[in-house]
Amino acid sequence: MKATKLKVALIVLVVIGIGFSFTTINKVTVKGSDTMVILSQKWAEVYMKKNPGASIQVTGGGSGVGLAALINGSTDIANSSRPIKPSEVEKLKARYNSMGVEIACAKDGLSVYLNKANTVSTLTIKQIGQIFAGKITNWKEVGGADATIKLYGRESSSGTFGFFKDNVVRTDFSPTCQTLPGTAAIVNAVKKDKYSIGYGGAAYAEGVKDCAVKKDDKSPAILPTGTTIKNHTYPISRYLYMYLKSKPTGETKAFIDWILSPAGQGLIEEVGYFPLK
Amino acid sequence: MKKIIVAVVAFGFGIANAQEVENDSIKPISTISLDSLQQSINEHQLKFDALNEQLSPMQEQVDRMSKIKISGYMQVQFEMYNYQDVPVVIPAAGTSPAKTVFYQLKPNSSETNYTILNTNTVDVNNSFNIRRARIKFTYQPIEGVIFVLQPNFSFSAVTLKDAYVQLNDTWINTFQLWVGQFNRPDYEVEFSSRDRIIMERTRMSSILYPQERDLGAKISMNLATQYEIPLKIDIAAFNGNFGEGPIGNQVTDVDSEKDFVVRTTYSLQFPKQGLGIDFGASGYYGKNTVFSAGTYSDVDNKPFTAAVGDKLKKQWFGAEVQIFSDLLGGIALKTEFNKGVISGTSGVAILNNNPSFNFSGERDFTGYYVTLEKNFGTKFQGGVRYDSFDPNNRLSGDEVTLSQDLKVHTWGFAFHYFFTTNTKIGLGYTMPINETSTTVSGIYNDDVKNNIATLRFQASF
């Protein structure tokens with residue numbers, strides 16, 4: 001009886017072993033933007049539930065970190081909240097003889113956070129740039145209280161930092177701008193400091209108020225809402241990107257195709273961003 | 001009756017005592033927990049403040065150290081040579097008459113550049129050697145200022161390869177000023193051998209740009225960063241003698257002439273087709289000073305007498321194209337072409353002798369290469385290159401009378417495997433094919449055997 005049980009157990013083990021040997025685990029590595037990490041993890045989670053053979057590993061670190069990982073070959077997909085730089089394309093060309101592949105996967109609005117008690121609610125893009133460049137240092141210069149403006153921003157490896165610098169500040173940040181690791185930290189800091197200002201994804205703005213932004217003095221002030229971001233009337237809107245070394249194949253292609261499908265795009269608004277269409 | 005009274009009194013006494021709670025050991029929970037909790041919070045707050053005080057100066061130091069970047073690479077290789085024997089005349093000495101012996105043409109020496117060939121008395125058919133050992137230090141103290149120092153380590157010396165300051169304009173993010181010792185503006189020269197697939201640079205680059213670097217200044221304009229126009233223009237001025245003559249003379253200029261280089265490139269991208277095309281043009285304008293009077297040869301192959309201080313032409317124009325395609329993974333076709341006049345004075349002791357153009361005179365030259373490179377996933381790379389250098393356009397075949405005027409074509413093949421992102425192994429084969437001339441005769445009646453197979457291991461960080 002014991003011997004029979006042992007034989008049955010061995011046969012079952014062999015069958016399981018053979019069965020597992022036909023199950024392929026296709027691993028895809030995704031690294032980069034902290035802005036996109038929650039969205040990317042959501043995509044990975046839902047995709048893996050529908051495709052048990054797939055393994056999608058998502059980490060953050062910042063858009064710069066993700067693109068550097070793409071260049072040195074340690075990631076399949078680089079998430080980025082800013083367009084790739086020409087210098088990064090040159091490195092892809094040198095290493096892979098390829099210019100890389102850019103895939104826009106979602107839309108986002110960059111909100112300028114103000115403390116709810118701040119009397120200032122509207123600023124032009126130029127004023128926001130001058131504030132973060134350190135050229136406007138007191139709220140009274142923009143119609144607010146006589147108080148020094150406290151600046152909060154992101155580290156330079158952040159795509160949010162890069163996008164904000166290239167499109168709003170357009171010069172170096174003020175040396176007094178305090179660097180914080182992540183948008184949530186910026187929101188927390190602005191929430192506690194009445195005379196502070198920060199920036200980050202519109203989805204993170206809880207407990208602070210969004211600044212209404214004007215393209216120039218004559219334009220209307222626009223708040224970052226789903227509608228104004230989708231139709232690009234909010235002046236600080238951006239695409240969120242996935243970058244690859246070359247055209248995707250295999251599991252990577254299947255994952256990206258799913259992200260761009262209605263099923264993948266349908267998850268975006270749950271996380272606080274906006275679908276492409 | 002008495003027993004009942006005693007029982008009642010005892011019972012009443014017990015009840016009376018049970019009401020007294022003066023020194024009850026169970027205190028009210030809410031008051032005690034809040035106090036001790038507050039105390040605990042205060043103690044932890046003090047510890048956090050103390051940690052913050054310790055970490056703040058460390059954060060400053062980390063910020064300073066993060067401004068220094070260190071990178072480098074090492075290439076160790078095993079070469080196998082297929083070099084032929086060449087006749088060497090041993091002059092008469094004492095009672096021994098002059099005789100001709102056959103020694104191996106020295107591997108890695110030029111087969112056409114010297115009238116007296118370098119030879120080995122004992123054949124060397126293979127060797128290990130360290131091709132590269134470099135560390136590059138980049139320091140960015142403030143936005144817009146970069147210091148770069150790159151020493152090269154070899155068996156007998158540590159030499160300086162790069163030493164320059166790069167100033168970036170922080171107003172419109174378009175201009176850069178480079179001052180110091182750095183690569184001359186040329187696609188192949190600026191492409192690091194860390195990333196190159198074919199084992200060595202082309203013959204053309206080694207002749208036109210000895211040691212790749214020079215001392216000078218460069219203004220670079222890149223319209224892509226701020227204006228999204230993919231146009232780049234470099235204008236540079238150099239001493240013009242780096243990599244030439246004795247090493248002690250290379251640290252300063254040897255005359256008052258400067259060499260000027262202009263290079264412009266434009267990039268086209270077709271993302272839907274996965275295609276990128278970079279193309280450009282360049283010009284080099286300089287002069288070579290004569291330091292040894294004597295008979296020289298001009299571009300028409302006619303002799304002339306040059307005196308010390310005379311100037312020889314050194315100028316050419318060039319064009320380049322690189323095409324990148326995402327067809328079946330990364331594939332690239334790269335080509336460069338240069339045509340003009342090169343000049344020099346033969347003799348390794350001459351102040352501005354170009355060891356790769358060891359000739360007294362001016363020559364009308366043409367050089368070009370075509371390279372095809374393919375990436376196979378992230379682990380494999382392969383490439384094939386054809387490069388050609390004709391040091392004298394005016395003569396060919398049996399019209400050529402000097403070995404230095406013989407044209408040389410070179411085929412190069414290479415294949416690499418990446419163990420990790422920082423380590424790779426490559427196998428390469430190089431086949432120079434020289435023009436033949438019965439007028440030059442000797443070994444130049446046929447293609448000189450001088451092929452090299454290389455197995456190279458590279459580690460970078």
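Residues numbered from 1 in each chain as written. Chains lettered and ligands numbered in written order. Predicted model: local features only at pLDDT ≥ 70, side-chain atom pairs only at ≥ 80, totals over all residues.

**Thoughts on the overall build of chain B**
1) Next: Scanning chain B from terminus to terminus reveals five helices and 21 strands.
2) Next: Expressed as lengths along the three principal axes of its C-alpha atoms, the size of chain B is roughly 155 × 55 × 55 Å.
3) Next: Expressed as a percentage of the 461 residues in chain B, the buried residues total 30%.
4) Next: Look at the contacts in chain B between residues 6 or more apart in sequence, and 57% of them connect residues 24 or more apart. (Helix = DSSP H or I, 4+ residues; strand = E, 2+ residues; numbered from the N terminus. Buried ≥ 20, exposed ≤ 12 C-beta atoms within 10 Å, placed from the backbone. Contact = placed C-beta atoms within 7 Å.)

**Examining the overall build of chain A**
1) Next: When its secondary structure is counted, chain A shows 11 helices and 11 strands.
2) Next: With respect to the three principal axes, the spread of C-alpha positions in chain A is 90 × 45 × 35 Å.
3) Next: For chain A, the share of sequence-separated contacts (at least 6 apart) that also reach a separation of at least 24 residues comes to 70%.

**Observations regarding the nonpolar core**
Across soluble globular proteins, nonpolar side chains show a tendency to be buried alongside one another.
1) Next: Among the nonpolar cores identified, the biggest contains 72 residues, and Val 112, Tyr 113, Val 190, Ile 197 and Val 213 of chain A are the most heavily contacted of them.
2) Next: The element that contributes the greatest number of residues to this core is strand E4 (residues 101–114) of chain A, accounting for six residues.
3) Next: Filtering out sequence-adjacent residues up to four positions away, Val 213 of chain A remains in contact with Val 112, Leu 123, Ile 125, Ile 128, Ala 221, Ile 222, Tyr 234, Pro 235 and Ile 236 of chain A.
4) Next: Core analysis: the second largest hydrophobic core is formed by 22 residues, Tyr 81, Met 204, Ile 207 and Tyr 444 of chain B among them. (Core = buried A, V, L, I, M, F, W, Y, C linked by C-beta atoms within 7 Å.)

**Brief notes about the pairing of strand E1 (residues 26–32) of chain A**
All names here are of chain A.
1) Next: Bridge analysis of E1 against strand E2 (residues 54–61) gives seven bridges, and the strand direction is parallel. Note on E2: the bridge partner recorded for Gly 32 is Gly 61.
2) Next: Handedness of the crossover joining E1 and E2 through helix H2 (residues 37–50) is recorded here as right-handed.
3) Next: Bridge count for E1 against strand E3 (residues 77–80) is three bridges, and the pairing is parallel. (Pairing = 2+ DSSP bridges. Right-handed = clockwise from strand over helix to strand, strands pointing away.)

**Comments concerning the interface of chain A and chain B**
Many structure descriptions define interface size as the accessible area lost when the parts assemble.
1) Next: Counting residues at the interface gives 17 residues for chain A and 20 residues for chain B.
2) Next: If one sorts the elements of the side of chain A that touches chain B by residue count, helix H4 (residues 86–96) of chain A sits on top with five residues.
3) Next: Class assignment of the residues belonging to the side of chain A that touches chain B gives a composition of five nonpolar, seven polar and five charged. (Nonpolar A, V, L, I, M, F, W, Y, C, P; charged D, E, K, R; others polar.)

**Section: H4 of chain A**
1) Next: Turning to H4 of chain A, its buried residues number three or more, namely Val 89, Leu 92, Lys 93, Arg 95 and Tyr 96 of chain A.
2) Next: Buried positions along H4 of chain A lie against helix H3 (63–72) of chain A together with strand E15 (311–325) and strand E17 (361–376) of chain B.
3) Next: After H4 of chain A finishes, the residue Asn 97 of chain A shows a positive phi value of roughly 55°.

**Some points on the domain arrangement of chain A**
Residues and elements named next belong to chain A.
1) Next: Annotation of chain A at the domain level lists domain 1 (25–107 + 239–271) and domain 2 (108–237).
2) Next: Centre-to-centre, using C-alpha coordinates, domain 1 lies 27 Å away from domain 2.
3) Next: Facing the 14 residues of domain 1 at the interface are 15 residues of domain 2.
4) Next: Looking at the side of domain 1 that touches domain 2, the elements that each hand over two or more residues are H3 and E4.
5) Next: Looking at which element gives the most residues to the side of domain 1 that touches domain 2, the answer is H3, with three residues. (Domains from an automatic or database assignment.)

**Focus: the environment of Cys 211 of chain A**
All names here are of chain A.
1) Next: Relative to the assigned elements, Cys 211 resides in the loop between strand E9 (209–210) and strand E10 (212–214).
2) Next: Separated by 10 residues in the primary sequence, Cys 211 and Ala 221 have C-alpha atoms spaced 8.9 Å apart.
3) Next: In this view, Cys 211 contacts Val 112, Leu 114, Ser 121, Thr 122 and Leu 123; residues no more than four positions away in its chain are not counted.

**Considerations on unusual backbone geometry**
Keep in mind that most residues, glycine aside, have a negative phi and that most peptide bonds are trans.
1) Next: With a phi angle near 65°, Gln 211 of chain B is a residue other than glycine that sits in the positive phi range.
2) Next: Taking the number of C-beta atoms within 10 Å as the measure of exposure, Gln 211 of chain B has 19 and is therefore partly exposed.

**Some remarks on the sheet that holds strand E2 (residues 85–90) of chain B**
Paired through their backbone hydrogen bonds, the strands of a sheet run either parallel or antiparallel.
All names here are of chain B.
1) Next: Strand order in this open sheet of three strands is E2-E3-E4, and the pairing throughout is antiparallel. The outermost strands of the open sheet, each flanked by one partner alone, are E2 and strand E4 (119–120).
2) Next: Across six bridges, E2 lies against strand E3 (residues 99–105) in antiparallel orientation. Looking at E3, one finds that Pro 87 is bridged to Phe 102.

**Observations concerning the environment of Ser 441 of chain B**
1) Next: Among the secondary structure elements, Ser 441 of chain B is positioned in the loop between strand E20 (423–434) and strand E21 (450–460).
2) Next: Given 11 C-beta atoms within a 10 Å radius, Ser 441 of chain B is considered exposed.

**Considerations on helix H5 (residues 125–133) of chain A**
All names here are of chain A.
1) Next: Listing the buried residues of H5 in full gives Gln 127, Ile 128, Gln 130, Ile 131 and Phe 132.
2) Next: As for H5, its buried residues are in contact with E4, strand E5 (122–124), strand E6 (150–154), helix H6 (159–169), strand E8 (196–201) and E10.
3) Next: Looking one or two residues beyond H5, the residue adopting positive phi is Gly 134, at roughly 90°.

**Description of the pairing of E20 of chain B**
Residue and element names in this part refer to chain B.
1) Next: Relative to E20, strand E19 (residues 408–420) is paired through 12 bridges, and the arrangement is antiparallel. Bridge pairing in E20 places Val 408 opposite Asn 434.
2) Next: In textbook terms, the turn of a hairpin is the stretch between consecutive antiparallel strands, and for E19 and E20 this stretch comprises two residues.
3) Next: In this structure, E20 lies alongside E21, joined through eight bridges in antiparallel fashion. By the bridge assignment, Lys 424 is partnered in E21 with Gln 458.

**Looking at the confidence of the model for chain B**
Residues and elements named next belong to chain B.
1) Next: Averaged over every residue, the pLDDT of chain B is 89; residues scoring 70 or more account for 92%.
2) Next: Here residues 18–25 is modelled with pLDDT under 50, and outside its nearest four sequence neighbours on either side it reaches zero contacts, counting other chains as well.
3) Next: Among the scores for the predicted complex, ipTM is 0.80 and pTM is 0.82. (pLDDT = per-residue confidence, 0-100.)

**A short note on the environment of Val 112 of chain A**
Residues and elements named next belong to chain A.
1) Next: Residue placement: Val 112 occurs in strand E4.
2) Next: The exposure class of Val 112 is buried, given the 26 C-beta atoms found within 10 Å.
3) Next: Taking the C-alpha atoms as reference points, Val 112 and Gly 201, 89 residues apart in sequence, are found 8.7 Å from one another.

**Considering the confidence of the model for chain A**
Residues and elements named next belong to chain A.
1) Next: Confidence along chain A averages 88 in pLDDT terms, with 91% of residues attaining 70 or more.
2) Next: Of all secondary-structure elements in chain A, the lowest mean pLDDT belongs to helix H1 (residues 2–21), at 52, while E3 reaches the highest, 96.
3) Next: Below pLDDT 50 for its whole length, residues 16–25 participates in four contacts with residues either more than four positions away or in separate chains.

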